[in-house]
Amino acid sequence: MDNHRNKSKSAHQNKKSELNIEALIAAQLPAWQERLTRLLSEYGDQPIGEITVGAVYGGMRCLFALVTEISHVDPSQGLLIRGYSVDELLEKLPKADGSNYPLLGGLYHLLLVGHFPTPAEAQAVEDVWRARQGLPGYVVDLLRSMPANTHPMTLFSQAILAMQPQSRAARAYHEGISRSEYWKPMLEDALTITANLPTLAATIYNLKYRDSAEAVPDPDLDWSANFAHMIGKGDDPEYQELTRLFMTLHSDQENGNASAHTSHLVSSTLSDLYLSSSAGLNALAGPLHGLANQETLRWLKALQAHYGKLPSAEELRAFTLETLEQGKVIPGYGHGVLRRTDTRFTAQYRFAEAYLPDDPLFQLVKRVYEVIPGVLGGLGKVKNPYPNVDAISGTLQHHYGVEPEFCTVLFGASRLLGLTAHAVWARALGQPIERPRSFTTDRIEEMLTPSLRMRSAQISTFAQEFDS
Ligand code: CMX
């Protein structure tokens, strides 16, 4: 079954992790339980916002209805993970050996535990991941059996789902574990799932684009660099750096975005992490969400092909208006919460300035950034005309030869760090199953004004007469 387990041996493999994440989380729980019990008993009936008709019909935008300590998106400051901005994370997280970018083990420690990791703690998570690498052979066989035109995101979600029989949490629940202890086997599942993300992503990449080359991790490389190594870019230190940056930037974005919320909802039924992670990836696979990195790349390439050179601002404006007239969105621009340029865009922009300043597609990204905010802002309805993370991420991947349709898998591999951390904490704090209510439009109209109430009565009388 484990025929794809890492074959090479190294000192890392038998090294026991000195880190006990479970104990570090467990130590925080009594204080949390006391704090939440007090908050709910003293203020449980206190309103902290309002639900408007616009929000109900408008995709619940700006409705504060979830709680998480792990990350927050501030409209102007951007993403904050455990209170740290993107720039602070990039500067302060422990770095991989000889690298300017973070060890993802340190970021996962921060997401899960909430305390800024020491280099030893970051390394300890990397060691746990190294020890847990190994895809079941049947998962690889399943991926191979899929039609060649299957999208990499479909393969990714299927693979995570196919690994579900390994779930320790599902087994523990079946054997009667108390709900209050359920988070512990979930944490085990979280570490196993995340340990295997680089191998899984590389297996999918190799299957699609490298004649099914086997993805064999190098035990001497860190989690991110291993992905680069397994897709044949092990000799490219720049691409390894980019992978570390990409994986850091995409790891979380609070709890209300579509993939986080999907995963949270599914997990709230006490579904295990394989089930909720696969569900989260399915939401990420939509073009208004994670697939936007693929769509941006396609749009930029169409723009490039159309003009055959770097378009002028005027040409770009015309192409943009044509896209809008076709009823499409401009991918990579806009955001449900942010109201300024995404700090994750800026961090990648800096990388491009340093490593690929002359790349023609990056030149185009720069030109687009000069022009699009004005065009979208001019429409008068777009709340945030500035670029989000997806406006540039595909361009950087493209520079190093990664296919456009694979880019969202990388987003997903990173985002599962956040989603799994959220789920572990939601169960540790005993968050309940989610069950919001829905209204009919009749009911909403009845609640609002007498005239609307009358109109709704007339419609229903008319409907009854029509029926009879
Ligand atoms: N291009 C064209 N129109 C846009 C737009 C864009 N980039 N961004 C917003 N709009 C439009 C909306 O479609 C909406 O139009 P209608 O009223 O006609 O339906 C109007 O502007 C108001 O939308 P909004 O409140 O500003 O934005 P939303 O919160 O509704 O949507 C988002 C946010 C991201 C879905 C939207 O900006 C968009 O579609 N962007 C392009 C796709 C994209 O880049 N997605 C990735 C987001 C980041 C991520 O999740 O990875």
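Computed from a prediction, not measured in an experiment: that's the story for all the values here.

**Observations regarding the site of the ligand**
No. 1: Among the 23 residues in the neighbourhood of the ligand, the closest are listed as Ala 292, Val 329, Gly 334, Gly 336 and Lys 383.
No. 2: A breakdown of the residues in the shell around the ligand according to their chemical character gives 10 nonpolar, nine polar and four charged.
No. 3: Two domains share the shell around the ligand, each providing at least three of its residues, namely domain 1 (21-288 + 406-428) and domain 2 (292-404).

**Digging into the sheet that holds strand E1 (residues 71-74)**
No. 1: The sheet built from three strands is open, its strands ordered E1-E2-E3 with antiparallel pairing. Each edge of the open sheet carries a strand with a single partner, namely E1 and strand E3 (84-85).
No. 2: The sheet contact formed by strand E2 (residues 78-81) and E3 spans two bridges and is antiparallel. Each bridged residue has a counterpart across the sheet, and for Ile 81 the counterpart in E3 is Tyr 84.

**Focus: the domain arrangement of the protein chain**
No. 1: Per the domain assignment, the segments of the protein chain are domain 1 (21-288 + 406-428) and domain 2 (292-404).
No. 2: Computed from C-alpha coordinates alone, the two centres of domain 1 and domain 2 are separated by 26 Å.
No. 3: Facing 27 residues of domain 1, the contacting portion of domain 2 comprises 26 residues.
No. 4: Elements that contribute at least two residues to the side of domain 1 that touches domain 2 include exactly E2, helix H4 (86-92), helix H13 (237-249) and helix H21 (407-428).
No. 5: For the side of domain 1 that touches domain 2, the element with the most residues is H13, which contributes six residues.
No. 6: A breakdown of the residues in the side of domain 1 that touches domain 2 according to their chemical character gives 17 nonpolar, five polar and five charged.

**Some details on unusual backbone geometry**
No. 1: One non-glycine residue, Cys 62, lies in positive phi territory at about 65°.
No. 2: On the secondary structure map, Cys 62 appears in the loop between helix H3 (53-57) and E1.
No. 3: Backbone geometry at Arg 82 places phi at a positive 50°, although glycine is not the residue there.
No. 4: By C-beta crowding, Arg 82 is classed as partly exposed, having 18 other C-beta atoms within 10 Å.

**Some remarks on the nonpolar core**
What tends to happen in soluble globular proteins is that the nonpolar side chains get buried as a cluster.
No. 1: Ranked by internal contacts, the top residues of the largest apolar core, which has 118 residues, are Leu 111, Phe 156, Ala 201, Ile 204 and Val 424.
No. 2: Counting residues per element, this core draws most heavily on H21, which supplies 14 residues.
No. 3: Split by domain, the residues of this core number at least three in each of domain 1 (21-288 + 406-428) and domain 2 (292-404).
No. 4: Not counting residues within four places of it along the chain, the set of residues in contact with Leu 111 comprises Ile 70, Ile 81, Ser 251, Asp 252, Leu 417, Gly 418 and Ala 421.

**What about the packing of helix H14 (residues 258-267) against helix H15 (residues 273-284)?**
When two helices pack together, their arrangement is captured by the angle between the axes and the distance separating the axes.
No. 1: Relative to each other, H14 and H15 sit at 150°, their axes nearing to 7 Å. Taken together, the axes of H14 and H15 are roughly antiparallel relative to one another. Here the hand of the crossing between H14 and H15 comes out right-handed. Two secondary-structure elements touch here, H14 through Ala 258, Ser 259, Ala 260, Thr 262, Ser 263, Val 266 and Ser 267 and H15 through Leu 275, Ser 276, Ser 277, Ala 279, Gly 280, Ala 283 and Leu 284.

**As for the environment of Tyr 57**
No. 1: Inspection of the secondary structure puts Tyr 57 in helix H3.
No. 2: According to the C-beta neighbour criterion, Tyr 57 is exposed, with 11 such atoms within 10 Å.
No. 3: For the pair Tyr 57 and Asp 220, spaced 163 residues apart in sequence, the C-alpha to C-alpha distance is 52 Å.

**Re the pairing of E1**
If a strand is regular, its side chains alternate between the two faces of the sheet.
No. 1: As defined by bridge partners, E1 adjoins E2 across four bridges and the pair is classed as antiparallel. Bridging across to E2, Ser 71 finds its partner in Ile 81.
No. 2: The antiparallel hairpin formed by E1 and E2 contains three residues in its connecting segment.

**Notes on helix H7 (residues 137-145)**
No. 1: Among the residues of H7, those classed as buried are Val 139, Val 140 and Leu 143. Considered in projection along H7, the buried side chains sweep an arc of 100° and stay on one side of the axis. Residues of H7 that are exposed and point more than 90 degrees away from the buried face comprise Asp 141, Arg 144 and Ser 145.
No. 2: Of the surrounding secondary structure, the elements contacted by the buried residues of H7 are helix H8 (152-162) and helix H11 (197-209).

**A closer look at the packing of H13 against helix H18 (residues 343-355)**
No. 1: Close contact between H13 and H18 brings their axes to 10 Å; oriented N to C, the two are set at 170°. Classified by the angle between their axes, H13 and H18 sit roughly antiparallel to one another. Between H13, through Glu 238, Leu 242, Leu 245 and Leu 249, and H18, the contact on the second element is made entirely by Arg 344, Ala 347, Gln 348, Phe 351 and Tyr 355.
No. 2: Residue composition of the contact of H13 with H18, by class: six nonpolar, one polar and two charged.

**Some remarks on the environment of Gly 412**
No. 1: Note that Gly 412 resides in helix H21.
No. 2: In the structure, Gly 412 is positioned 132 residues away from Gly 280 in sequence and 8.6 Å away in space, judged by C-alpha atoms.
No. 3: Every residue in contact with Gly 412, bar those within four places of it in the chain, is listed here: Met 153, Phe 156, Leu 281, Leu 284 and Gly 290.

**A look at helix H6 (residues 119-131)**
No. 1: The first and last C-alpha atoms of H6 sit 18 Å apart over 13 residues, in line with the 18 Å expected at 1.5 Å per residue.
No. 2: In terms of burial, H6 is largely enclosed, as 10 of its 13 residues are buried.
No. 3: When H6 is considered as a whole, its buried residues turn out to be Glu 121, Ala 122, Gln 123, Ala 124, Val 125, Glu 126, Asp 127, Val 128, Trp 129 and Arg 130.
No. 4: On its buried face, H6 sits against helix H5 (104-113), helix H10 (183-195) and helix H12 (223-233).

Cut-offs and rules
Residues numbered from 1 in each chain as written. Predicted model: local features only at pLDDT ≥ 70, side-chain atom pairs only at ≥ 80, totals over all residues. Near = placed C-beta within 6 Å. Nonpolar A, V, L, I, M, F, W, Y, C, P; charged D, E, K, R; others polar. Domains from an automatic or database assignment. Pairing = 2+ DSSP bridges. Helix = DSSP H or I, 4+ residues; strand = E, 2+ residues; numbered from the N terminus. Contact = placed C-beta atoms within 7 Å. Buried ≥ 20, exposed ≤ 12 C-beta atoms within 10 Å, placed from the backbone. Core = buried A, V, L, I, M, F, W, Y, C linked by C-beta atoms within 7 Å. Axes fitted to C-alpha atoms, helices over the stretch in contact; angles between N-to-C directions. Parallel < 35°, antiparallel > 145°, perpendicular 65-115°, else oblique. Left-handed = near helix turned anticlockwise from the far one by under 90°. Arc of directions from axis to C-beta. Expected span 1.5 Å × (residues − 1).

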